[in-house]
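Breakdown of the fold
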Amino acid sequence: MLSLTHVDSFYGRSQALHDMNVTAPKGEILAVLGRNGVGKTTLLRTILGLTDRSEGTISLDGDEISSMPTHDRARSGIAYVPQGRMIIPDFTIRDNILMGGFASSGPRGIPEIVPDLFPYLMDNLDRPGGVLSGGQQQQLAIARALACAPSLLLMDEPTEGIQPNIVEQIEDIIIRLNRDLGLTILLVEQNVPFARRAASSFVMVEHGTAVEAGRIHALTEDMVARHMAI
Ligand SMILES: Nc1ncnc2c1ncn2[C@@H]1O[C@H](COP(=O)(O)OP(=O)(O)OP(=O)(O)O)[C@@H](O)[C@H]1O
């Protein structure tokens, strides 16, 4: 289980998270919902220690991680699929995947599940990452995250900017990562129907804090309208 208790987080002097409390049960998907700019990405970055400073408690499976440097948080089993995917275009698909393994202390290589989940990537390991479509790059970003053998995956709008006919494939893969591999996933998502389909629980973020949270069936249309409508 991941839990954040009374977490504040800062970029320089600017405070982006205020008294944030979040619980992500082990082996479940937690949907992180809210409008643009409310602090969802900052929440993921804070869990990894990537903001300038944070206060409060962050614990993963009972271990306090908030004083650890980012590389130790990655070693403790946290992987990140960032918004925009951040593929290195001149690196091959193979090297982009292997790069993820350097974040872990375990064996390095292409994760066993990759051929099954992403046959196209396996068939094109020597092609540069930059030639891939948005959907294929998202697959690559997920494969790279899996290369550090994580127990917790932080995913930032994984279907954003992807062709509609590929979105469903990515969604199914995210659900498989949870159901088949047992990964705990924090899923930042604007697509509420997908969040309802995939997640067991949700947290609604506004002004850098959690304003609603609960099991996914408790997410009402009224909450969505109040906190997500533009
Ligand atoms: N590197 C940064 N330096 C300073 N302020 C930042 C930085 N990144 C984000 N912020 C500010 O922190 C607040 C939260 O931004 P964040 O990107 O976490 O929101 P978000 O909910 O993920 O939005 P989006 O859906 O647009 O990514 C915003 O006010 C933003 O301007």
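Please read these numbers as outputs of a predicted model, since none were measured by experiment.

Description of the overall build of the protein
The secondary structure content of the protein amounts to 9 helices and 10 strands. At 17 Å, the protein has a C-alpha radius of gyration in line with the 17 Å of a compact globule built from 230 residues. Across its three principal directions, the C-alpha atoms of the protein cover 45 × 40 × 30 Å. Here the protein holds 230 residues, and 41% of them are scored as buried. Residue pairs at least 24 apart in sequence account for 68% of intrachain contacts in the protein once pairs closer than 6 positions are excluded.

Some words on the UniProt feature "domain: ABC transporter" (unreviewed entry) in the protein
As recorded in UniProt, the feature "domain: ABC transporter" (unreviewed entry) lies at residues 2-230. For residues 2-230, the end-to-end C-alpha separation is 30 Å, with 33% helix and 28% strand making up the annotated structure.

Looking at the pairing of strand β3 (residues 29-33)
The buried fraction of β3 is high, at 5 of 5 residues. On β3, burial covers both faces: Ile29, Ala31 and Leu33 on one face and Leu30 and Val32 on the other are all buried. Both β3 and strand β8 (residues 184-188) contribute to a ladder of 4 bridges, which runs parallel. Within β8, the residue paired with Leu30 across the bridge is Leu186. Of the strand pairs in this sheet, β3 and strand β9 (residues 201-206) are connected by 4 bridges, and their pairing is parallel. From the neighbouring strand, Leu33 faces β9, where its bridge partner is Met204.

Observations concerning the site of the ligand
Near the ligand, the surroundings consist of Tyr11, Ser14, Ala16, Gly34, Asn36, Gly37, Val38, Gly39, Lys40, Thr41, Thr42 and Gln83. Elements with a minimum of two residues in the shell around the ligand: β2 (14-24) and α1 (40-47). Broken down by element, the residue count for the shell around the ligand peaks at 3 residues, all from α1. Taken together, the residues of the shell around the ligand sort by class into 3 nonpolar, 8 polar and 1 charged.

Some words on the sheet that holds strand β7 (residues 152-156)
The strand order β6-β7-β8-β3-β9-β10 describes an open sheet built from 6 strands, whose pairing is mixed. Looking at strand neighbours, the two that pair on one side only are β6 (78-81) and β10 (209-215), the edges of this open sheet. Strand-to-strand twist across the sheet, computed as the mean angle between neighbouring axes with direction ignored, equals 15°.

Here we look at the sheet that holds strand β4 (residues 53-60)
In space, the 4 strands of this open sheet follow the order β2-β1-β4-β5, with antiparallel pairing throughout. Edge positions in the open sheet fall to β2 and β5 (63-64), since each of these has one partner strand only. Both strand β1 (residues 2-11) and β4 contribute to a ladder of 7 bridges, which runs antiparallel. Bridge pairing in β4 links Ser3 to Ser59. Seen against the sheet, α1 touches β1, β2 and β4 and runs at an angle of roughly 75° to β2.

Considering the pairing of β8
Burial within β8 is extensive, with 5 of its 5 residues counted as buried. Burial along β8 is two-sided: Thr184, Leu186 and Val188 facing one way and Ile185 and Leu187 facing the other are all buried. Relative to β8, β7 runs parallel, the two being bridged by 5 bridges. Paired with Leu153 across the two strands is Ile185, which belongs to β8.

Quick word on the packing of helix α3 (residues 93-101) against helix α6 (residues 134-146)
One can describe the packing of α3 onto α6 by two numbers: an axis separation of 6 Å at closest approach and a directional angle of 40°. In terms of their interaxial angle, α3 and α6 are classed as oblique. Regarding α3 and α6, the two cross each other, and that crossing is right-handed. Every residue of α6 that contacts α3 at Ile93, Asn96, Ile97, Met99 and Gly100 is listed here: Leu140, Ala143, Arg144, Ala145 and Leu146. Among the residues making up the contact of α3 with α6, the classes are represented as 7 nonpolar, 2 polar and 1 charged.

What counts and how
Residues numbered from 1 in each chain as written. Predicted model: local features only at pLDDT ≥ 70, side-chain atom pairs only at ≥ 80, totals over all residues. Helix = DSSP H or I, 4+ residues; strand = E, 2+ residues; numbered from the N terminus. Rg over C-alpha atoms; globule rule 2.2 N^0.38 Å. Buried ≥ 20, exposed ≤ 12 C-beta atoms within 10 Å, placed from the backbone. Contact = placed C-beta atoms within 7 Å. UniProt positions renumbered as here; feature names shortened; annotations may be inferred. Pairing = 2+ DSSP bridges. Near = placed C-beta within 6 Å. Nonpolar A, V, L, I, M, F, W, Y, C, P; charged D, E, K, R; others polar. Axes fitted to C-alpha atoms, helices over the stretch in contact; angles between N-to-C directions. Parallel < 35°, antiparallel > 145°, perpendicular 65-115°, else oblique. Left-handed = near helix turned anticlockwise from the far one by under 90°.

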